[in-house]
Structures are given as structure tokens and as C-alpha cells.
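# Overview (structure and organization)
Now for the letters of each chain:
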Amino acid sequence: MDGDRVEIDGGIMEGGGQILRVSTALSCLLGLPLRVRRIRAGRSQPGLRPQHLSGLEIIRDLCEGKLEGGEIGSTEITFTPGKIKGGTHIADTKTAGSVCLLMQVAMPCVLFAASPSELHLKGGTNAEMAPQIDYTVMVFKPIVEKFNFTFNCDIKKRGYYPQGGGEVVVQMSPVKELSPINLTERGTVTKIYGRAFVAGALPIKLAKDMATAAVRCIRKEIRDLYINIQPLREPDDQAFGTGSGIIIVAETSTGCLLAGSSLGKRGKNSDKVGIEAAEILLRNLKHGGTVDDSLQDQLIIFMALAKGVSRVKSGPITLHTQTAIHFAEQLTKAKFTVTKSEEEDPSKDTYIIECQGMGMINPNL
């Protein structure tokens, strides 16, 4: 068996948990036994953290696979996938580990399951170093559904650093195959909206300050658009722990969604949180791409699985995206090319990511 295992070096390029997510999801989908060595070698605390382990366990459970080396701190795992089933599955990081990253690893797999799935994902909904759940619902969901599938994401409870305690329920039905996407026309920004939130022990004034500071910052660049950022307090029965943050989304005339977000933390001025999110959004709008730098890498696995040619126009290619492309090409028959976008003003750093997808067919449907 070991002779046929695909060997993955988890320490190259981005050197983080994403290599594990992309390669185990593809291993599960393609029925490829896998060995991943040097897991998260690029991180200050290498090896599996609770969140990565939960992700591996949900993939193992989804396909009744075999996982060896699955413990906290482990720097090498072997994984032997089985057949992907639907049904109800629970993944609990028991920490503030991101539910959005659990969703990232599980979602491509359940699309090719034998029956509908319900995933109960527990952990942090608004965590550092990961997309916030608001981003997943407001930006990722509408764009990724262009691959011709839908999912329902119900935020049961929000959970914040350090305890987590949040829960999100994702419901999805399987598809026969994924359609390619073509996101190359940016259009003009037609509206800007968002939410600034506080939860737990924090006063609503902080949310108002974040929203006001963000609007002020955006106004310097974009004068003529109404900006609607709602300050709100998460209901106590729907939030666990204390947290704050902001997400701002720009929508364009062609249906593109780009965002900037930031989280509050102790000792960080709320104006600064709002300004940080606004600056990320403005930076994402400047390059002229159709996706922001948080969405770029999340689309790669779907482009690789889709049937036909997908094209996405983006700003500078992140290391996360380069890493996702590298492993998607290593494990599937998909072919990616990244070229500088010609029609743009040459001062803009804009690229076209093109992928000839492998055309994965769901064997169960």
C-alpha cells in the first residue's frame, strides 16, 4: 500500500495548515492514500493544532477513512480514504479554532458524497488568521455558489478567542459535477455595507466607533457612495464569550464582492480596528481584481474540481494561493496558469488565474 501513497511535504511554500486542508480534501475526493510529513513546519508551533486535527477527523469520518498520527503536535500523518457518505457529522475544535477552516476542508468532499450532509462545526466563528464567519456568509458563499451548488449556513452561536464555543450548521446536497466560473469583469462599486459587532461584556459604543472610523477612512477615497455599516450587539443567547470586530463588503455592478475585516482585541483601539478593515477593503479595490486576497486561495480547489476552464481576475497572487495551486496540480489533473492581466493599466498589479479543471464526476449520483 505504501508504495502508492502520495507523499506531501507540509513544510514547503506557505508551510501551514492550508497544505493539510487542500491535500486531505483531494485525497478524500480522489481516493488517494496520502502521507503528509513536516506538518506546519513553517509555523512557530509546528505540527497539528486542535483545529487541524478536527479537520482531519471530520474528513476521516465523512469517508470512513483511516487516519494515523492524528494527535496534537504530530508532524506526520497517513490517511487512507474510503467512500464519501452524507449524513450528520460533528467537528469540535474545543478551542477558538476556526469553524470556517473546518468548512474549507469538508465542503469540497460533501459535494461529492452519496447523499445530503449536515455538518455541525464547533469552535471560533470570528478568529484571527482565518476568515470570519461573516465573511464566509457574505462573500465566500455567494461567489462559490457560482460553481453551481448551494449550501445553507446557520450560525447557531458565535464564539470568540480564547474559548471558542461557537457553532455553525452547514447543510449541503451533493452535485453531479461543478461548473467552471468566469470572474474577469470587475465593474464599478455600487454599494458598500457591513457590520460592526460587539459581544459579551463590551459596550455597543465600541461597535459604533469602529463603524464611524471605517466610514471616515473609506470616505477619503470614495466620496459619492452611501456606506451602510450597522453597529450591533450580538444577542447574549447567540454568542459565547466576549469579542468584537467589523466586516465591510463592497459590491460591484457585475456582482463581485470584495471585503476588508478586522477583529478587536484587548488594548487595541476600536477606531484602529475600523480603519484596519477599511484599509484592507480599499487595498483590495485598488488592484482592479474581481476577488479579494482572502477569497483568492479558497476558490482554487473548486476550480481544480470543476469541468472546463475557470478564469478569475485577481490582485497580487498570495502565497496561500500559490500553495493551493501547487498541491491541486500535484494531486489532480487540473492545470493552472497565472498571467499578468494585459488590459489593465500597467501600474496595476492584476493577474488572471486560469484553470483547466479535472472535471470531477460524483460516482454516487
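Residues numbered from 1 in each chain as written. Predicted model: local features only at pLDDT ≥ 70, side-chain atom pairs only at ≥ 80, totals over all residues. Heavy atoms only, no water.

Under an unreviewed UniProt entry, the protein has the name RNA 3'-terminal phosphate cyclase and belongs to Calonectris borealis. A UniProt comment under Sequence similarities (unreviewed entry) is attached to the protein, and it reads "Belongs to the RNA 3'-terminal cyclase family. Type 1 subfamily." Heading Catalytic activity (unreviewed entry) of the UniProt record for the protein holds this comment: "a 3'-end 3'-phospho-ribonucleotide-RNA + ATP = a 3'-end 2',3'-cyclophospho-ribonucleotide-RNA + AMP + diphosphate". (UniProt positions renumbered as here; feature names shortened; annotations may be inferred.)

## What to know about the environment of Ser 98
Relative to the helices and strands, Ser 98 is located in the loop between β5 (87-92) and α3 (99-111). In this structure Ser 98 comes out as buried when scored by relative accessible area, which is 2%. Sequence spacing of Ser 98 and Gly 164 is 66 residues, and the spatial spacing of their C-alpha atoms is 8.4 Å. (Helix = DSSP H or I, 4+ residues; strand = E, 2+ residues; numbered from the N terminus. Buried < 20%, exposed > 50% of the residue type's maximum accessible area, 1.4 Å probe, protein only.)

## Things to note about the domain arrangement of the protein
Looking at the assigned domains, one finds that the protein contains domain 1 (6-183 + 291-358) and domain 2 (189-287). For domain 1 and domain 2, the distance between their C-alpha centroids amounts to 25 Å. Listed per partner, the contact involves 29 residues of domain 1 and 28 residues of domain 2. Buried area between domain 1 and domain 2, summed over both chains or domains, comes out near 2,200 Å², and the portion from carbon and sulfur atoms is 58%. Together, Gln 132, Met 138 and Tyr 160 form the three largest contributors to the area buried by domain 1 at its contact with domain 2, with a combined 28%. Linking domain 1 with domain 2 are three salt bridges, by the criterion used here. In this structure, Lys 265 and Glu 128 form a salt bridge, with 3.4 Å as the shortest nitrogen-oxygen distance. (Domains from an automatic or database assignment. Contact = heavy atoms within 4.5 Å. Buried area = accessible area lost by both parts, 1.4 Å probe. Salt bridge = Lys/Arg side-chain N within 4 Å of Asp/Glu carboxyl O.)

## Some points on unusual backbone geometry
For residues besides glycine, phi is generally negative; the peptide bonds are generally trans as well. With omega at 5°, the peptide bond leading from Tyr 161 into Pro 162 counts as cis. Tracing the sequence through the fold places Pro 162 in the loop between β7 (151-159) and β8 (166-172). Although it is not a glycine, Arg 38 adopts a positive phi angle of roughly 50°. For Arg 38, the position within the fold is in the loop between β2 (34-37) and α2 (50-62). Positive phi values are uncommon outside glycine, yet Met 129 reaches one of about 60°. Residue position: Met 129 is located in the loop between β6 (117-123) and α4 (133-144). With relative accessibility at 78%, the residue Met 129 sits in the exposed group.

## Thoughts on empty space enclosed by the protein
If a probe as big as a water molecule is rolled over the atoms, it shows which places are left empty. Applying the stated rule across the entire model yields three cavities of 30 Å³ or more. There is about 140 Å³ of room inside the largest cavity. Taken together, 16 residues form the lining of the largest cavity, with Val 22, Gln 104, Asp 297, Gln 298 and Ile 301 sitting closest to its centre. Of all elements in the fold, only α1 (17-30), α3 and α7 (300-305) reach the threshold of two or more residues within the lining of the largest cavity. The element that contributes the greatest number of residues to the lining of the largest cavity is α3, accounting for five residues. Looking at the lining of the largest cavity residue by residue, the classes come out as 11 nonpolar, three polar and two charged. (1 Å grid on protein atoms, 1.4 Å probe; cavity = no way out; pocket = protein on both sides within 12 Å on 5 of 7 lines; lining within 4 Å. Points joined across faces, edges and corners; volume = space filled by probe spheres on them. Nonpolar A, V, L, I, M, F, W, Y, C, P; charged D, E, K, R; others polar.)

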